[in-house]
Amino acid sequence: MHNVQRRVGMTFSLCMALIFISGQVFAAAKEVKIGFALSMTGGGAAYGATQKNGIQLAVDEINAAAGSEGIKIVPVFEDDASLPQQGINVFNKFINADKVSLIIGPTLSNTAQVTDRIAQQAGMPVLAVSNTAKGITEIGDCIFRDSLTEMVVIPNTIKVAKEKLGVHKVAVFYGNDDAFTKGGYDAFKQAIADAGLEVLTEQTFAKGDRDFSPQLTQIKSKNPDAIIVSALVEEASGIVSQARQLGIAATVPIIGGNGFNSPALLKNAGEAAEGVMMGASWNASSSLPLNKKFVAAFTARCGNPPDQFAAQAYAGVYIAYEALKKAGSDHKAIQSALGQIKDLDTVLGKFSFTSGRDAEHTPVVQVVKGGKFAVFGE
Ligand code: 1QQ
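Note that residues are indexed from 1 along each chain, following the sequence as it is written. Local features in this predicted model are restricted to residues of pLDDT 70 or higher, and side-chain atom pairs are both shown and tallied only at a pLDDT of 80 or more, whereas totals for entire chains, interfaces and linings draw on every residue. As a rule here, side-chain values cover all heavy atoms of the structure and leave hydrogens and water aside.

**Concerning the site of the ligand**
Turning to step 1, where the next piece is worked out: We call a residue near a given molecule or strand whenever any one of its heavy atoms falls within 4 Å of it. All residues in the neighbourhood of the ligand are listed as Y47, T107, L108, S109, S130, N131, T132, A133, F180, L232, G259 and F309.
Turning to step 2, where the next piece is worked out: In protein, a polar contact means a hydrogen-donor-capable atom and an acceptor-capable atom, both N or O and within 3.5 Å, with residues adjacent in sequence counting only if both atoms are side-chain atoms; elsewhere, any N or O pair within 3.5 Å suffices. Residue S130 places a main-chain N or O atom 2.8 Å away from an oxygen atom belonging to the ligand.
Turning to step 3, where the next piece is worked out: A distance of 2.8 Å is found between an oxygen atom of the ligand and a backbone nitrogen or oxygen belonging to T132.
Turning to step 4, where the next piece is worked out: Reported accessibility uses the Shrake-Rupley method at a 1.4 Å probe radius. Residues are deemed covered only where the shown protein chains occlude them. Isolated, the ligand exposes 280 Å² of accessible area, and the fraction of that covered by the protein chains is 100%.
Turning to step 5, where the next piece is worked out: We place a 1 Å grid over just the protein atoms. Points where a 1.4 Å probe fits but has no way out form a cavity, open points with protein on both sides within 12 Å along at least 5 of 7 lines form a pocket, and any residue with an atom within 4 Å of a point lines it. Each molecule is assigned to a cavity or pocket provided more than half of its atoms lie within 2 Å of the corresponding grid points. With respect to the detected pockets, the ligand is housed in the largest cavity.
Turning to step 6, where the next piece is worked out: All residues other than Ala, Val, Leu, Ile, Met, Phe, Trp, Tyr, Cys, Pro, Asp, Glu, Lys and Arg, Gly among them, are scored as polar; the first ten of these are nonpolar and the last four charged. Grouping the amino acids of the shell around the ligand by side-chain chemistry returns 6 nonpolar, 6 polar and no charged.

**Let's talk about the pairing of strand β9 (residues 198-205)**
Turning to step 1, where the next piece is worked out: Pairing between strands is defined by DSSP: at least two bridges between the two strands are required. Numbering of helices and strands runs from the N terminus; a helix is a DSSP stretch of H or I covering at least four residues, while a strand is a stretch of E covering at least two. Bridge count between strand β8 (residues 169-175) and β9: 7 bridges; the pairing is parallel. Considered in β9, the bridge of V170 is made with V199.

**Let's talk about the pattern of salt bridges**
Turning to step 1, where the next piece is worked out: Should a side-chain nitrogen of Lys or Arg be within 4 Å of a carboxyl oxygen of Asp or Glu, the pair is scored as a salt bridge. Taken as a whole and judged by the stated rule, the model has 7 salt bridges.
Turning to step 2, where the next piece is worked out: Between K93 and E78 there is a salt bridge, with the nearest N and O atoms lying 2.8 Å from each other. Of the two residues, K93 is situated in helix α3 (residues 84-98) and E78 in strand β4 (residues 71-79); the sequence distance between them amounts to 15 residues.
Turning to step 3, where the next piece is worked out: Note on classification: 1.4 Å probe, protein chains only; a residue is buried when its accessible area is under 20% of the maximum for its type, exposed when over 50%, partly exposed between these limits. On the accessibility criterion, K93 (29% relative accessible area) is partly exposed.
Turning to step 4, where the next piece is worked out: The partner of R145 in a salt bridge is D358, and the shortest N-O contact between them spans 2.6 Å. With R145 in strand β7 (residues 143-145) and D358 in the loop between β14 (349-353) and β15 (359-360), this pair connects stretches of sequence that are 213 residues apart.
Turning to step 5, where the next piece is worked out: A relative accessible area of 19% places D358 in the buried class.

Written out as structure tokens, the structure reads:
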């Protein structure tokens, strides 16, 4: 009896409930539990907060439209604290205690590279909405992502820097203790070699560093055309501010990857952020009707416009919903339904997974202009 109850609990967090009212049978919406592992504290908190807002908006829209026939999402939010060990605790809770049907997250690749192994072993489908390092989806066939990797986003950024800004000689500065910043460095290195640029110096920093002046002084002495930086936004903000404080001219662009796409950069670095370029996965100014509706609804609700991380998280809930509509709460069925998603209209554009369960859509190059992110050249 006990086992049966547990099995039922696992199959559907809250099964199709039948309500008898004066002899008639009404079906209530099917409730499916999703676990959201987000960095609400620690180094990735700037990303986690906006992801949560994007998720809540999508969940509320979906649940409001569910009626009596549809799927209702029951979200379970946990803070992974930007730490791999806390991510492991959260994943274990989702799998063993909450018995969720799907996990969305964690925020950082550095956490995902350990948590996703646990999910894969448990046969738990995972949809990453911000992991961009190489190797995450290779962990196994349960792991999907809607976030474009650094490998996809960066080559175009380097190409634009070379062709439109005449960048030929660069300095490279990266964090060598994090899966995302190391992966971004690899992607930049490849793109720099492919574009035939010269590397004048390579410098490194560690997570939590606050003083970047020794490395930036080295970089300044080499007179590069541009500084290529692979960093999460906390360190990126410090690097951008200090580069300008040290007198590296604003005419020397600083070029980053996905980690730079946060309003935290604009807030923390202020004026110094002007002209900073970055590869991005989402075009905020896209005129797609779905995107315009999302930007308006998010802004009305949160008091500030969404960023890339909100957009990817919002899209992720709708991608998951598409699979849940077909698959209900069964892990295997969800995994298979996710794999079949093709040309789904999302705020990221038409969305499909590659055969390797990675995202497939067009990247953009952004630049900070007048204190805002703008599409380069527009
Ligand atoms: C990663 C990232 C970060 C920049 C944002 C969450 O892309 O860790 O993969």
